[in-house]
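Below, each chain spelled out in residue letters.
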Amino acid sequence: MSYATAPVENLSAAELDQLCINSIRTLSIDAVQQAKSGHPGTPMALAPLVYTIWNRVLRFDPQNPIWPNRDRFVLSNGHASMLLWSALHLTGVQAVNADYETLGTASVSLDDIRRFRQFDSKAPGHPEYHWVSGVETTTGPLGQGVATSVGMAIAQKWLANRYNRPEFEIFDYSIYAVCGDGCLMEGIASEAASLAGHLGLDNLCWIYDNNHITIEGNTRIAFTEDVQTRFIAYGWNVLRVGDANDTDRIEQALEVFRKTKGRPTFIVLDSHIGYGSPHKQDTSAAHGEPLGDDEVRLCKKAYGWPEDAKFLVPDGVYGHFNAGIGKRGAEARQKWMELFESYRAQYADLAVEIEVMQKRELPTGWDRNLPVFPADPKGIAGRDASGKTLNVLAQNIPWFLGGSADLGPSNKTTLTFQGAGDFQADSPGGKNLHFGIREHGMAATVNGLALSKLRAFGASFFIFSDYARPAIRLAALMELPSLFIFTHDAMGDGEDGPTHQPVEHLISLRAIPGLITLRPGDANEVVEAYRYIMQLRHQPAVLVLSRQALPTLDRGKYAPAAGVSQGAYVLADASGGIPEVIIIATGSEVSLAVEAHEKLLSEGIRSRVVSMPSWEIFEQQSRAYRESVLPPNVTARVAVEQASTFGWERYVGTSGQVVGMNTFGASAPLKELQRKFGFEPDHVVAVAKEQLANSGNGNR
C-alpha cells in the first residue's frame, strides 16, 4: 500500500507516523539530488529518530522558537542538515528576526528546500544559527555541536538554580544532541563528554548514529574502540537501540533519559546509512554525494512513494505534525507563560533579570564601581587588572560567569567575592567554571552558555588560543557575545621559551571576520576594554593580556583610556602642529612607545603615540576619525608589537617599519629577550629617526 497517496482519513496512527518519516527522507533525497551536492544517507537513516524526537518528545513551540524554556535540539553531524530543514519545515517553525520578533513567515519554506545549498536559501549546506530560526547552534565542523550542547546543559542547571523557586520550575528544559562517528572521533567531543560526565549533567542526551560508515569507507579502518565502555568510563548512562527504525524503542530510550538522575545519557542507535537504497545502503557512496536519478526512484519505490514525485508532502503530514509537536509545544509554552506571570507577581526582580537577559541586555548599573588605577611607573599586570575588573562585573551582572582551562590562578580569572562559588554537580549556582585542561571544549562550552543567553568567558594562555580557535571562529560566525580571555600575551613568560610565546596568534585572530580582538596597554585600558566588550550583543571578543606588570600611564598627562572604545586613539602628541613621525603600539609595547616618544621630544622631534588596542574597532570608525589619528600625509610611521609583523603594512604603509617578530622567540629572561629582539626605547627611537630621514616629513 502507498501511504503517500492514500486518503489521510484511511490511515492509522502508525501509517501517519511512517508517512511523516518518509516525507523527511524523500525531501532530503530530492533536495540533495537537485542541489547536485549534499549528504543524503544520514537523513535517510535517521528520519525515524528525528521524527520521534520532534513529534513525540521535544517541548518546543514552532510558533515561538525562542521560548526560553524550550528543549534544545542540536544536529552535531551537521552535514545531515536536511534532517533539520525537513523538521523545521514540516513542523511549521516560524521565523524570528534579530530583535527577537516573530515575523509570521516560515523559518524554512518548501521553496528553501527546493533551493537547498543555494545562495540566500534558508536551507544552507550546514545548520547556521544566525541565519535560520529553530537552529540552536551552528554545526558542521564535527564535534562542535555536541561540545556546545554541554554549555547549554550547564546553562540550564545554572539558570534553574538561580531562578527556580518552589512551585515555579521556570527552567527545566532538556538538551538533545545527535552525533555521528566523526563527532566522536574528534578530540573536542572527548573533552566535552568528560566534562559533562564529571558535572553529572542529567539534562543532556547525546544520540549516536552508529552506522559504521565514513567517507573513506567502513569505520573499522580507523575507529574500532568500544564507544559504549568509553562513555561508561566518563560517567554517562549508556543505552542502546538496535534498530533506528523502531520509533517506540527510541521513545522508550528517551523516556529513560528523562528519568535518569545524576548522569548524562548516551544512546547508541544502530542505523543503516542510506536506508532503503538498493545499491548504496551501508556504503560510503550514500554519505556525501547525490544518489543519482535511477537510485532515487528505486529508493522511493522501496518507501512506497510515487517514484517520479519531487518534494512531495502528502496530505496529512502537516496536520500530523501540528497535532503532535504543534499542539504539545503550544500548550507547554502557554502553561509556562502563565507560570511566569504568577512568578513575576512574587519575584518581580528575578523576572526582570530573565527578561533583560533574554534580550542580551545588561542590568542597570552593570558598570558601577569599576576600578580606576592611579598612575604608577611600576604598574600592574594586565591579567591582574583584568581579575579586579572581572570580580566587579560578575557581582554587577548576575548572569556573568566563566572560568579557565585549569589556569585560573595564573590567568587571574577566579571570581573571589563572597558567594561566587564553584560550579559543580552539587553546587550548580557557582560562577567559577572549571573546564580542566580542555581549551577546545572550553571554548565550545562558552558558546553554549552564550547561546543560552548567559554572558560567559573562558580563559587560558594566549599560545593555547590555537586549541580554541575553531570554536572562537564559530562564535564569530554565530554572532555570539562570547568572551575569550588570554594572558601571557607575548614574551613576558620569557624562560618558558618559544613553545609558550605567541607570535602569529594576534594576526591569526584578527583575520577572523566579526571577531573583536583587544590588546590593552595598561590597567585602565583593560577596564575600558571590558566596558566595550560587555556592551557587545552580537560579536565575540578576545582579550589579550600581559603576564608582567605594565606601567599605569598618567592620564592627566596622556589621553584618557576611554579612547579604547574607538579602537585606536592619540595617546601622546607633540605641541606645534602635525607630528613628524607616528609610533603605533599595542599592549605591553604602549609604554615602550611612550618612552621612545619622550626621548624624541627631548630632541625636538614631534612624535605622536597611537595606542591601538583593536584593529577591528578602529576600522569601524569614520574615515575622518581614522585620518585624524593617522594623518595620511604623515608617512613616517613605526609600529611596535611583540608579535608577527604580518599585516601592519595597512597602518604603516609600504615604506613604514615594524618593530616586531619575524621568528619564534627564545628561552631567556624577559629583559634579555627585549634586548635581543629590539623592544627597547633606544631601538624604537633609532627606527623612528630612520623613518623620518627616509620620509622627508621632518625639518632635519
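As shown above, the structure is provided for reference.
This write-up is about the structure you can find in this document.

Quick notes on the rules
Residues numbered from 1 in each chain as written. Predicted model: local features only at pLDDT ≥ 70, side-chain atom pairs only at ≥ 80, totals over all residues. Heavy atoms only, no water. Helix = DSSP H or I, 4+ residues; strand = E, 2+ residues; numbered from the N terminus. Rg over C-alpha atoms; globule rule 2.2 N^0.38 Å. Contact = heavy atoms within 4.5 Å. Areas by Shrake-Rupley, 256 points an atom, 1.4 Å probe, with all protein chains shown as cover. Lys, Arg positive; Asp, Glu negative; His and termini not counted. Charge placed at Lys NZ, Arg CZ, Asp CG, Glu CD. Buried < 20%, exposed > 50% of the residue type's maximum accessible area, 1.4 Å probe, protein only. Pairing = 2+ DSSP bridges. Disulfide = S-S within 2.5 Å. Core = buried A, V, L, I, M, F, W, Y, C linked by side-chain atoms within 4.5 Å. Axes fitted to C-alpha atoms, helices over the stretch in contact; angles between N-to-C directions. Phe/Tyr/Trp six-rings, centres within 6.5 Å; stacked < 30°, edge-to-face > 60°. Lys NZ or Arg CZ within 6 Å of the ring centre and 35° of its normal. Salt bridge = Lys/Arg side-chain N within 4 Å of Asp/Glu carboxyl O. Parallel < 35°, antiparallel > 145°, perpendicular 65-115°, else oblique. Left-handed = near helix turned anticlockwise from the far one by under 90°. Nonpolar A, V, L, I, M, F, W, Y, C, P; charged D, E, K, R; others polar.

1. Considerations on the overall build of the chain
The helix and strand inventory of the chain stands at 24 helices and 22 strands. What you see for the chain is a C-alpha radius of gyration of 28 Å, in line with the 27 Å of a compact globule of 700 residues. Counting contacts in the chain only where the partners sit at least 6 residues apart, residues at least 24 apart contribute 76% of the total. As displayed, the chain has an accessible area near 25800 Å², and 49% of this comes from carbon and sulfur atoms. Here the chain holds 63 positive side-chain charges and 78 negative ones, and the gap between their average locations is 3 Å.

2. Notes on the pairing of strand β9 (residues 265-270)
In terms of burial, β9 is largely enclosed, as six of its six residues are buried. Along β9, one buried face is formed by Thr265, Ile267 and Leu269 and the opposite face, lined by Phe266, Val268 and Asp270, is buried too. Of the pairings in the sheet, the one linking strand β5 (residues 204-210) to β9 comprises six bridges and is parallel in character. Note on β9: the bridge partner recorded for Tyr208 is Val268.

3. A closer look at the state of the cysteines
The final tally for this structure, using the stated rule, is zero disulfides. In this structure Cys20 is not part of a disulfide, and its nearest cysteine sulfur, from Cys299, lies 19 Å away. The exposure class assigned to Cys20 is buried, which follows from its relative accessible area of 0%. Here Cys179 stays free of any disulfide, with the sulfur of Cys183 as its closest cysteine sulfur at 5.5 Å. The class for Cys179 is buried, based on a relative accessible area of 0%.

4. Some words on the nonpolar core
By size, the foremost hydrophobic cluster in this structure holds 166 residues, and its most contacted members are Tyr163, Trp206 and Phe266. Broken down by element, this core gets its largest block of residues, eleven residues, from helix α5 (residues 144-163). Beyond its immediate chain neighbours, meaning those up to four positions away, Phe266 contacts Leu184, Trp206, Tyr208, Val227, Phe231, Trp236, Asn237, Val238 and Leu239. In terms of nonpolar packing, the next biggest core, distinct from the first, is built from 65 residues, Leu75, Leu84, Leu254 and Phe257 among them.

5. A short note on the sheet that holds strand β14 (residues 483-487)
Pairing in this open sheet of six strands is parallel, and the strands run β12-β11-β13-β14-β16-β15 from one edge to the other. One side of each edge strand has no neighbouring strand; the edge strands of this open sheet are β12 (432-434) and β15 (516-518). Within the sheet, the average angular offset between the axes of one strand and its neighbour, ignoring direction, is 20 degrees. Direction of pairing for strand β13 (residues 455-461) relative to β14: parallel, over a ladder of five bridges.

6. Topic: the packing of aromatic side chains
In this structure the tally under the stated criterion is 28 aromatic pairs. Ring centres of Trp206 and Trp236 lie 4.8 Å apart, and the angle between their planes is 55 degrees; on these two criteria the pair is classed as tilted. One end of the pair, Trp206, is in strand β5; the other, Trp236, is in the loop between α8 (227-234) and β8 (237-241), with 30 residues separating them in the sequence. Both residues of the pair, Trp206 and Trp236, belong to the buried class. On the basis of an interplanar angle of 65 degrees and a centroid distance of 6.0 Å, the ring pair of Trp648 and Tyr651 is categorised as edge-to-face. Assessed through its relative accessible area of 0%, Trp648 is described here as buried. Among the aromatic residues, those joined into a ring-pair cluster are Trp67, Phe168, Trp336, Phe340, Tyr343 and Tyr347. Directly above the aromatic system of Trp131 lies the positively charged group of Lys122, at a separation of 4.8 Å from the ring centroid. Lying over the aromatic face of Trp615, Arg510 brings its terminal NZ or CZ to 4.1 Å of the ring centre.

7. Here's the deal with the pattern of salt bridges
The full count for this structure, using the stated rule, is 32 salt bridges. With its nearest N and O atoms 2.9 Å apart, the salt bridge here joins Asp17 to Arg56. Note that Asp17 is positioned in helix α1 (residues 13-35) and Arg56 in helix α2 (residues 41-57), a separation of 39 residues in sequence. Judged by relative accessible area, which is 14%, Asp17 ranks as buried. Two residues, Arg59 and Asp172, come together in a salt bridge whose shortest N-O distance is 3.4 Å.

8. Let's talk about the packing of α1 against helix α3 (residues 81-90)
Following both chains from N to C, one finds α1 and α3 inclined at 120 degrees, their axes separated by 9 Å at the closest point. With respect to their mutual orientation, α1 and α3 come out oblique. Regarding α1 and α3, the two cross each other, and that crossing is right-handed. Of the residues in α3, those touching α1 at Ser23, Ile24, Leu27, Ser28 and Ala31 are Met82, Leu83, Ser86 and Leu90. Among the residues making up the contact of α1 with α3, the classes are represented as six nonpolar, three polar and no charged.

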